[in-house]
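Architecture and fold: a report
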Amino acid sequence: MQHFYQSVYDLIVETSTNLPGDVRRAVQAASEKEDKGTRSALSLSRIADNIHMAECNVSPICQDTGMPTFIIHCPVGANQIIMKKHILEAVANATKASKLRTNSVDSLTGANTGDNLGPGTPVIHFEQWERDEVEVKLILKGGGCENKNIQYSLPADLEGVGKAGRDLDGIRKCIMHAVYQAQGQGCSAGFIGVGIGGDRTSGYELAKHQLFRHVDDVNPHPELRKVEEYVMEHANTLGIGTMGFGGQVTLLGCKVGVANRLPASFFVSVAYNCWAFRRQGVLLNPETGEINGWSYPRGSEVSFQEAFEASAEAAKNVKEEDRREIVLTTPISEEQIRSLKVGDVVVINGTMHTGRDALHKYLMDHDAPLDLNGAAIYHCGPVMSKDEAGEWHVKAAGPTTSIREEPYQGEIIKKFGIRAVIGKGGMGPKTLAALKEHGGVYLNAIGGAAQYYAQCFKKVEGVDFMEFGIPEAMWHLETEGFAAIVTMDSHGNSLHADVEKNAFEKLSALKEPVFK
Ligand SMILES: O=C(O)C[C@H](O)C(=O)O
Ligand code: SF4
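Our subject in this report is the structure included herewith. As the structure is a computational prediction, the values presented were derived from the model and not from experiment.

Observations concerning the site of ligand 1
- Residues in contact with ligand 1, as listed here, are Q63, D64, R101, G143, G144, R356, T400, T401, R404 and K424.
- Interatomic distance of 2.8 Å between a side-chain N/O atom of R101 and an oxygen atom of ligand 1.
- In this structure, an oxygen atom belonging to ligand 1 sits 3.0 Å away from a main-chain N or O atom of G144.
- In the complex, the protein chains occlude 94% of the 270 Å² of accessible area that ligand 1 would expose alone.
- Tallied by class, the residues present in the shell around ligand 1 amount to no nonpolar, five polar and five charged.

Take a look at the structure:
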C-alpha cells in the first residue's frame, strides 16, 4: 500500500477542484430548463464558468471545502491504523497546498488549527467488505448547506403544508418543506439526501449517505422512487431558483433511503447539498494502493460549455432598461446608493474588506482597524496562500451565507458608515431597515463561484485579525470588476422577501394528500 497516501491526496484534490460528471450533467440540464436571460440563467452560466476555471486552475470550486468526510471499504485484515495516518497526512498537505481551506475550528475558543486536523475532523468511517480492493469515498460538504439540513419528527404540523402524519404523504410534506426552508441560502439549486427512520443520529447519517448515490440512478424501491420523482417535479414549482433569485430550477437531485425505527420515533432527516456537490471516490489496488478507477464520472469527461454559450447569447438580447449595470468605486456615496434598485447589477472597483462571523461580533463593541465610511464589506472567508516573498494571494473567494450576521449587520452599517454589504442568500428585516435609514445596499454574489470572484482581487492590501484564522480575518483587497446583483435596496425592497413569500404560496398549494 505504498501509494495509498498519494491516492488519497489525489482524491482530495480531484474532489475539491473538479466537479463530477453526473453533477455537471444536472447543472447543464438546469440551464436548459431555465428561462433564458433571467438572473437565474445568468447565474447558472457564471457557475458553469466557475466549474471550468476550478478544473483548469486546479483550485477549489468553492472556498468552503467543507467537512472532509471519508468512507472507506476495505477487505478483512487491511490495516486501518496506517490508512488513517495517511489520510490525516494527505488532508494536512492538501490544506497546505490551498486545495482545502483551513476549516477546523475549536468550537469554544474559535482558534483555527490551520491544517484541518483536530478533534472530530476529518470524519473517517471504515467498513469491511468481501471484495479484495479498497474503496475510498470522500464528500466535501460546506457549512452553508449543512446549516440547511433539517430533521422532522412525525407527526408534525408544518408551515404551509399542514399536518404531516406517519406515512408516505407525511414524508412528502417534510421533504417539500425542507426544500422551501432552505430558500437560496444553501446555494440552490441543490441536491437532497433523505433518511426515513433510524434515530436522530443514524437518520442524519442515512440522509448523508444518500448523497453518495449517482445523480442519475433510479431508486429500486418502488415507493421511494415515487417520492423521489414527485419531489423532483414539484420542488421546481416553488420558484426559488438559482441562489434564490426566483426561477424554474430549485432542486437538481433527490435521493431517499429508509431504515427501521423505534415504535415511538419517526424521523425524516434531510441533508441539503449545494450545487457545488463535491463527492468522488477511488478504487485502489489492495497491494499497492494505486488508483484502479474512479467511483463517479470525472468532471473532465463532461464539458458543458456549449449549453452555456447559448445562455450567454440570450442574455445579450435582454432589454437594456431591464439590465442596468452600474460601476461603483469605493468609497461609495449615499447618493450613489440611493440611485440603486433591486435587480440592478453593480460592478465594484476599489478596496473591498472581507468580514464574517468573528469580525461582526467584534465590531459590535470595538472600533474598526480602519475607516469604513463608504466601504463595501464582503461576507467571505477566502482560501489564501502566501508566496516565498511573503505576499498573500487569493485562491478562492466566493460569498458566505449573510443571514448569520443579521443580529449585528444593521448596527454595524450605521456605526461605521458602510454603504454596501455583499454576500449571499439575503438578510432579514433588521438589515433592510438599516439599509433604508442609513442608505445602503445588499448585493448578492453567486455562492460557490469562488474562482470567478478570486480573479477580481488583484492584490492583497493588508489583513487584520489574523488571530481569528484565515477565513475569519479581515482582508483588505484591491478589487476590479466584482459584479453582484442588488437584492435589497435602500428603499425597503427585498427580492429575498418576495421570493420567499411566493414560494410559501406555492408550498401551500401542495397541502392536499398525494400518496393515500
Ligand atoms: O464558509 C463559507 O465560506 C461559506 C459557507 O459554506 C456558506 O455557504 O455560508
Ligand atoms: S458557499 Fe455555497 S457552494 Fe460553497 S459550500 Fe457554502 S453552500 Fe456550498
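Back to the text.
A short note on the sheet that holds strand β1 (residues 67-75)
- Judged by pairing direction, the sheet is mixed, and its five strands sit side by side in the order β2-β1-β3-β10-β11 without closing on themselves. Every interior strand has two partners, whereas the edge strands, β2 (123-129) and β11 (291-294), have only one. When the angles between neighbouring strand axes are averaged without regard to direction, this sheet yields 20°.
- As judged from the three bridges shared by strand β10 (residues 278-284) and β11, these two strands associate in the antiparallel manner. Paired with L284 across the strands is I291, a residue of β11.
- Most of the contacts of helix α4 (residues 80-96) go to β2, to which it runs at about 145°, and overall it touches β1, β2 and β3 (134-141).

What to know about the packing of helix α12 (residues 406-416) against helix α13 (residues 429-438)
- Running from amino to carboxyl end, α12 crosses α13 at an angle of 10°, the nearest separation of the two axes being 8 Å. Taken together, the axis directions place α12 and α13 in an arrangement best described as roughly parallel. Here α12 contributes E406, P407, Q409, G410, I413 and K414 to the contact with α13, which in turn contributes P429, K430, T431, A434, L435, E437 and H438.
- Its residues assigned to classes, the contact of α12 with α13 comprises five nonpolar, four polar and four charged.

Looking at the site of ligand 2
- Taken together, 13 residues are adjacent to ligand 2, and C62, G142, C187, C274 and R278 come closest.
- When grouped by side-chain class, the residues that make up the shell around ligand 2 number six nonpolar, four polar and three charged.

Some details on the packing of aromatic side chains
- For the structure shown, the criterion picks out 13 aromatic pairs.
- Ring centres of Y230 and F515 lie 5.7 Å apart, and the angle between their planes is 70°; this geometry places the pair in the edge-to-face category. Of the two residues, Y230 is situated in helix α8 (residues 222-235) and F515 in the segment after α15 (495-508); the sequence distance between them amounts to 285 residues. For the pair Y230 and F515, a shared accessibility class is recorded, and that class is buried.
- Between Y453 and F482 the ring centres are 4.5 Å apart and the planes differ by 25°, which places this aromatic pair in the stacked class. Of this pair, Y453 sits in helix α14 (residues 450-454) while F482 sits in strand β20 (residues 474-488); the two residues are 29 residues apart in sequence, bridging distant segments of the chain.
- Clustering of aromatic rings is evident, with ring pairs tying together Y378, Y452, Y453, F457 and F482.
- Note that R279 overlies the ring of F277, its terminal NZ or CZ placed 4.6 Å from the centroid.
- One residue, R279, lies across the ring of Y296, its end atom 3.9 Å from the ring centre.

Procedures and definitions
Residues numbered from 1 in each chain as written. Chains lettered and ligands numbered in written order. Predicted model: local features only at pLDDT ≥ 70, side-chain atom pairs only at ≥ 80, totals over all residues. Heavy atoms only, no water. Near = heavy atom within 4 Å. Polar contact = N/O pair within 3.5 Å; in protein donor to acceptor, adjacent residues only side chain to side chain. Areas by Shrake-Rupley, 256 points an atom, 1.4 Å probe, with all protein chains shown as cover. Nonpolar A, V, L, I, M, F, W, Y, C, P; charged D, E, K, R; others polar. Pairing = 2+ DSSP bridges. Helix = DSSP H or I, 4+ residues; strand = E, 2+ residues; numbered from the N terminus. Axes fitted to C-alpha atoms, helices over the stretch in contact; angles between N-to-C directions. Contact = heavy atoms within 4.5 Å. Parallel < 35°, antiparallel > 145°, perpendicular 65-115°, else oblique. Phe/Tyr/Trp six-rings, centres within 6.5 Å; stacked < 30°, edge-to-face > 60°. Buried < 20%, exposed > 50% of the residue type's maximum accessible area, 1.4 Å probe, protein only. Lys NZ or Arg CZ within 6 Å of the ring centre and 35° of its normal.

Limitation: the analysis is restricted to geometry and does not speak to function.
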